[in-house]
Amino acid sequence: MRNLTRRNFVRMLGTVGAASSVLGWPLVSLAGKATGRVVIVGGGFGGASCAKYLSRLAPGLEITLVERDSKFITCPFSNAVLGGLYDIDFITHGYDALQKAHGVKVVHDSATAIDPGAKTISLAGGSTLPYDRLVVSPGIDIQWGAIDGYDQAASKVMPHAWKAGSQTLLLRKQLEDMPDGGVVIIAAPRNPFRCPPGPYERASLIAHYLKQAKPRSKILIYDAKDKFSKQPLFEQGWQALYPGMIEWISESEGGAIESVDIANMTVHPTFGDPQKADVVNLIPPQKAGAIAHAAGLNGDGAWCPVNQRTFESTVHPGIHVIGDAAVANPMPKSGFAASSQGKVCAAAIAADLSGQDMPEPSYVNTCYSLVGPDYGISVAMVYRMGESGIAAVQGAGGVSPKDADHAFRKAEARYSVGWYQSITSDIWA
Ligand SMILES: Cc1cc2nc3c(=O)[nH]c(=O)nc-3n(C[C@H](O)[C@H](O)[C@H](O)COP(=O)(O)OP(=O)(O)OC[C@H]3O[C@@H](n4cnc5c(N)ncnc54)[C@H](O)[C@@H]3O)c2cc1C
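None of the values given here were measured: they were computed from a predicted structure.

1. Concerning the pattern of salt bridges
Note on pairing: side chains with opposite charge can pair once their charged atoms come close. Summed over the entire model, instances satisfying the criterion amount to 13 salt bridges. Among the ionic pairs, Asp324 bridges to Arg194, the shortest N-O distance being 2.5 Å. Note that Asp324 is positioned in the loop between β21 (319-321) and α11 (335-353) and Arg194 in the loop between β11 (183-188) and α8 (198-213), a separation of 130 residues in sequence. Residue Asp324 is classed as buried on the basis of its relative accessible area of 8%.

2. So, the packing of helix α7 (residues 166-177) against α8
Where α7 meets α8, the closest approach of the two axes is 11 Å, and the angle between their N-to-C directions is 40°. Our classification of the angle between α7 and α8 gives oblique. The handedness of the crossing between α7 and α8 is right-handed. Each of Leu171, Arg172, Leu175 and Glu176 in α7 lies in contact with α8, whose residues at this interface are Arg202, Ile206 and Tyr209. Within the contact of α7 with α8, the residues separate by chemical class into four nonpolar, no polar and three charged.

3. A look at unusual backbone geometry
Of the consecutive residues Asn191 and Pro192, the connecting peptide bond is found in the cis state with omega at -10°. Summarising the element assignment, Pro192 is placed in the loop between β11 and α8. In the segment running from Asn329 into Pro330, the intervening peptide bond is cis, with an omega of 15°. Summarising the element assignment, Pro330 is placed in the loop between β21 and α11. Phi at Cys195 is positive, roughly 60°, even though this residue is not glycine. Residue placement: Cys195 occurs in the loop between β11 and α8. Owing to a relative accessible area of 27%, Cys195 belongs among the partly exposed residues under this scheme.

Criteria and thresholds
Residues numbered from 1 in each chain as written. Predicted model: local features only at pLDDT ≥ 70, side-chain atom pairs only at ≥ 80, totals over all residues. Heavy atoms only, no water. Salt bridge = Lys/Arg side-chain N within 4 Å of Asp/Glu carboxyl O. Helix = DSSP H or I, 4+ residues; strand = E, 2+ residues; numbered from the N terminus. Buried < 20%, exposed > 50% of the residue type's maximum accessible area, 1.4 Å probe, protein only. Axes fitted to C-alpha atoms, helices over the stretch in contact; angles between N-to-C directions. Parallel < 35°, antiparallel > 145°, perpendicular 65-115°, else oblique. Left-handed = near helix turned anticlockwise from the far one by under 90°. Contact = heavy atoms within 4.5 Å. Nonpolar A, V, L, I, M, F, W, Y, C, P; charged D, E, K, R; others polar.

Remember, this is a structural readout, not a statement about activity or role.
The following block contains the structure:
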């Protein structure tokens, strides 16, 4: 890491991640007096973190988490499932601890509408929940139709697998069924999108699988960008582990996909020849989850503008939007960022409902990527509020060094598993 040793960084993450540091001591001692009803939509990285930390900070609140699925399957480590390193159970988490150990009421239903005037949300099951504060953390939805021919039906043939679960299993099955010597296409979208390093980690771990099971196969990454996250590190890893197997086609080289033909398993770039493949993983452009759009929280954009100190919507006061759905750049759309925002948002609500000032927030992100089972790389950053919003703290964080030896990469691969276990138990255990 640049300017910071890993040991110091890990120590700092521990401090920044701890509620008492982010939230401030006076708040921790007084927020217990806060009363009221907080409803949180979405039990993923942002929403479940917010629910848990709010219950700790302000036990007097009535907290309801609305989540449509009975289990949460994480996108982090879903690429490792595709690569055959883990099975889907490893990345599946339940809501028992949130309910039993932390007193959060979990309702498994879909929020269908929000009435900001009446301060209620409607659920698909027919009930209506009143709230004093609402937190919306619905993650992403696919922009269907942004790529000609790519709709829900097409995603059953060319899976996006950008929400983990059945799409992950479908893509894995297609990889298992393809012939040796086959072609896999991964189509990556333009920024901003969920998990900037995700498509390249995916290419790496699919290559790991193909190298063992179908070594004559090839992976083509069609990209709607001319550069990508941790690019020099990924390219170095591909050269070391999978020479000749992965080819990256940038936007300038004709990498942006304009349309797909599912009957012929062919993608059509904006210029250059169409390309046929055995497996197509099409990762389309995205937008904030549907409920955020239904409530108009996105204003006139794809993502939801917020006050980045409190994550309160700038469109509808009293409603907070966190995680992938929110505009929180320069923070990337990652699970770690969503969780960090969930904690800051919990502090903002606890402060407000107990009549205190919001303490100075601090935000953190770290993203590990596996290039192979024993080859990890990472990027990390700490953020504070600047004059015009969230700003990276200069000198904090950095990326893995390019000249690291095998032992270093192997240690980073081990840290990535530790990171996964620690963040998922912080949120769902
Ligand atoms: C392949 C891949 C790999 C990734 N790897 C990493 C990684 O290594 N590290 C990392 O930090 N991040 C990673 N990410 C990114 C991470 O998954 C997201 O950034 C994170 O999940 C965002 O959290 P969120 O709370 O915004 O949304 P989510 O975690 O997606 O949670 C949203 C929840 O809301 C629920 N929901 C949506 N709408 C409704 C509704 N109307 N009613 C009820 N419930 C609703 C959904 O069911 C879901 O459970 C990866 C992503 C991908 C695709």
